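These are the residues of each chain, in order.
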Amino acid sequence: MTEPRVRQGLVLGMSTLAFTVCFMVWMMFAVLGVPIKDLLQLNETQFGLLAATPVLTGSLVRLPLGLLTDRFGGRSVFFLLMLACVAPLYLISHATAYWQFLVLGLFVGLAGGSFSVGIAYVAKWFDKENQGFAMGIFGAGNAGAAVTKFLAPALIAAGSWQLVPKVFSAILFITALLFWFLSAENKNHRSASGATLREQLSSLKDPAVWRYCQYYSIVFGGYVALALWMTKYYVQEYGFSLQSAALLAACFSLPGGVLRAVGGWMSDRWGAQSVTWWVLWVSWICLFLLSYPQTQLQVQTINGPVDFHIGLNPALFTVLLFVMGIAFAFGKASVFKYIANDYPKNMGAVSGIVGLAGGLGGFVLPILFGALVDLTGVRSSCFMLMYGVVWVSLTWMYFSEIRKSPVLGKAPLLTPSPISSIALGEEHVRSAKA
């Protein structure tokens, strides 16, 4: 009894550590991109593309990596994936041209595919009652985005921006070795060898999968996009230094990662649907307030014009980001609780599909953020865009799920009315006489 629990603990602990480091690498340009933007004189759209390029690769490989995990096991796939990212990550320190950063960013982005590997690997080690909590602990590796915001500015201040990819590549290599020697594999967790690619992808015919993709494109795609964007936002909107801006941006990234386990526990207790519904509502309200741009208003009074300033100060802005980070953390766990409940046999494939959608959201949104700033000149336009996306998801979820079930808890058992009870009794008497 003790040995299986020790193996479970090692698998969960090492997978969470490995995912944290992979996510730290994946979000590296959230901080590293700021000095590179100044060095190469990039506009907002170019910066958005630079920050989002690793997210593209990490998104596209999630589905094939999920399939490979189902077939060959998570331990081998996770280990080889980390090793494949070490060399291109180190080479970023020698890049000098914009296209070089983009190309190397594509290779480093493979680290983002670690989620679909780890989530399927971890889930199969736990029973259904504890899967949500276990997946939530693993998903807390999203806090790697906050680790980047703590570590990268310190490395830049201690040396130069080139020091960041060098140190990160060494950390990733050491983590890969620790993962290989301390984790475990169970061949019974693999899919049947006769399962074809078409059979594994058959879940794409299920409309629920597309709905989960939409939810995840917000709670994860929006999380990734804002984690990449907020450091620069603080620098340009409020005039903070890079170190202070990264620290404040971590107020969003940190709870968005470490509280995912709480979201998993909540999903186990109250259901994925209830948690996701309230997550979307809280996010919608926060985004409404964050969307309002800095405004100077002049009112003509009987005593002459009176000027008013309407806008969020840095403290209130950070509080709203913190609340939304908590909501996103709960939402990321609840979406994967949906998947664990509905697709236990091919979770790697379905988690890869949903993870792909979430990752693509994280790729597209930063580019759109930059384009909107270039077009409108309003920095809060990024929140306006996300506000609209959440509104669409709330509407879709209401008509497809919420109208058919209670908002909290399980549906109550239906008790027959007195009339129906009498009718059933009469039918029972007629049957007995017959």
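Up top is the structure these notes are about.
Residues numbered from 1 in each chain as written. Predicted model: local features only at pLDDT ≥ 70, side-chain atom pairs only at ≥ 80, totals over all residues. Heavy atoms only, no water.

A. A look at unusual backbone geometry. Even without being glycine, Gln41 reaches a positive phi, approximately 55 degrees. On the secondary structure map, Gln41 appears in the loop between helix H2 (29-40) and helix H3 (44-60). Accessibility expressed as a relative area gives 66% for Gln41, which makes it exposed. (Helix = DSSP H or I, 4+ residues; strand = E, 2+ residues; numbered from the N terminus. Buried < 20%, exposed > 50% of the residue type's maximum accessible area, 1.4 Å probe, protein only.)

B. Fine view of the packing of helix H14 (residues 242-258) against helix H17 (residues 314-342). Where H14 meets H17, the axes come as close as 7 Å, and the angle between the chain directions of the two elements is 20 degrees. On the basis of the axis angle, H14 is roughly parallel to H17. Between H14 and H17 lies a crossing whose hand is right-handed. Contact residues: H14 offers Leu248, Cys251, Phe252, Pro255 and Gly256, while H17 offers Thr318, Leu321, Phe322, Met324, Gly325, Ile326, Phe328, Ala329 and Lys332. The residue inventory of the contact of H14 with H17, partitioned by class, reads ten nonpolar, three polar and one charged. (Axes fitted to C-alpha atoms, helices over the stretch in contact; angles between N-to-C directions. Parallel < 35°, antiparallel > 145°, perpendicular 65-115°, else oblique. Left-handed = near helix turned anticlockwise from the far one by under 90°. Contact = heavy atoms within 4.5 Å. Nonpolar A, V, L, I, M, F, W, Y, C, P; charged D, E, K, R; others polar.)

C. Local environment of a nonpolar patch on the surface. Residues Val6, Leu10, Leu17, Leu80, Leu83, Phe173, Ile174, Leu177, Leu178, Phe181 and Leu182 make up a contiguous nonpolar surface patch of about 970 Å² in total accessible area. Mapped onto the nonpolar patch, the elements with two or more residues apiece are helix H1 (2-26), helix H5 (74-91) and helix H10 (163-182). Per-element accounting of the nonpolar patch gives the leading share, six residues, to H10. By the secondary structure assignment, Phe173 is in helix H10. According to the relative accessible area criterion, Phe173 is partly exposed, its value standing at 40%. (Patch = residues over 30% accessible without salt bridge, like charges linked within 9 Å, V, L, I, M, F, W, Y side chains within 5 Å. Areas by Shrake-Rupley, 256 points an atom, 1.4 Å probe, with all protein chains shown as cover. Salt bridge = Lys/Arg side-chain N within 4 Å of Asp/Glu carboxyl O.)

D. View of H5. End to end, H5 covers 27 Å across 18 residues, agreeing with the expected 26 Å (1.5 Å per residue, within 8%). Those residues of H5 that sit buried are Gly74, Arg75, Val77, Phe78, Phe79, Leu81, Met82, Cys85, Val86, Pro88 and Leu89. (Expected span 1.5 Å × (residues − 1).)

E. Quick peek at the pattern of salt bridges. Here the structure, examined in full by the defined rule, presents three salt bridges. Salt-bridge contacts for Lys232 lead to Glu44; the nearest nitrogen and oxygen are separated by 2.5 Å. With Lys232 in helix H13 (residues 221-238) and Glu44 in helix H3, the pair connects residues that are 188 residues apart, well separated along the chain. Take Lys232 and Glu44: they sit in the same class, and that class is buried.

F. Region of interest: the packing of aromatic side chains. Summed over the entire model, instances satisfying the criterion amount to 37 aromatic pairs. Between Trp26 and Phe220, the aromatic rings sit 6.1 Å apart at their centres with planes inclined by 15 degrees, giving stacked as the arrangement. A residue pair is termed long-range when its members are at least 10 positions apart, and Trp26 in helix H1 and Phe220 in the loop between helix H12 (207-219) and H13 qualify at 194 residues. Summarising the burial analysis for this pair, Trp26 and Phe220 share the class buried. A cation over a ring is seen here: Arg75 above Trp180, with NZ or CZ 3.8 Å from the ring centre. Looking at Lys232, its charged tip hangs above the ring of Trp229, at a distance of 4.1 Å from the centre. (Phe/Tyr/Trp six-rings, centres within 6.5 Å; stacked < 30°, edge-to-face > 60°. Lys NZ or Arg CZ within 6 Å of the ring centre and 35° of its normal.)

G. Inspection of the pairing of strand E2 (residues 304-310) at higher detail. In terms of strand pairing, strand E1 (residues 295-301) meets E2 through seven bridges, oriented antiparallel. Counted as the bridge partner of Gln296 is His309 from E2. Counted between consecutive antiparallel strands, the loop separating E1 from E2 contains two residues. (Pairing = 2+ DSSP bridges.)

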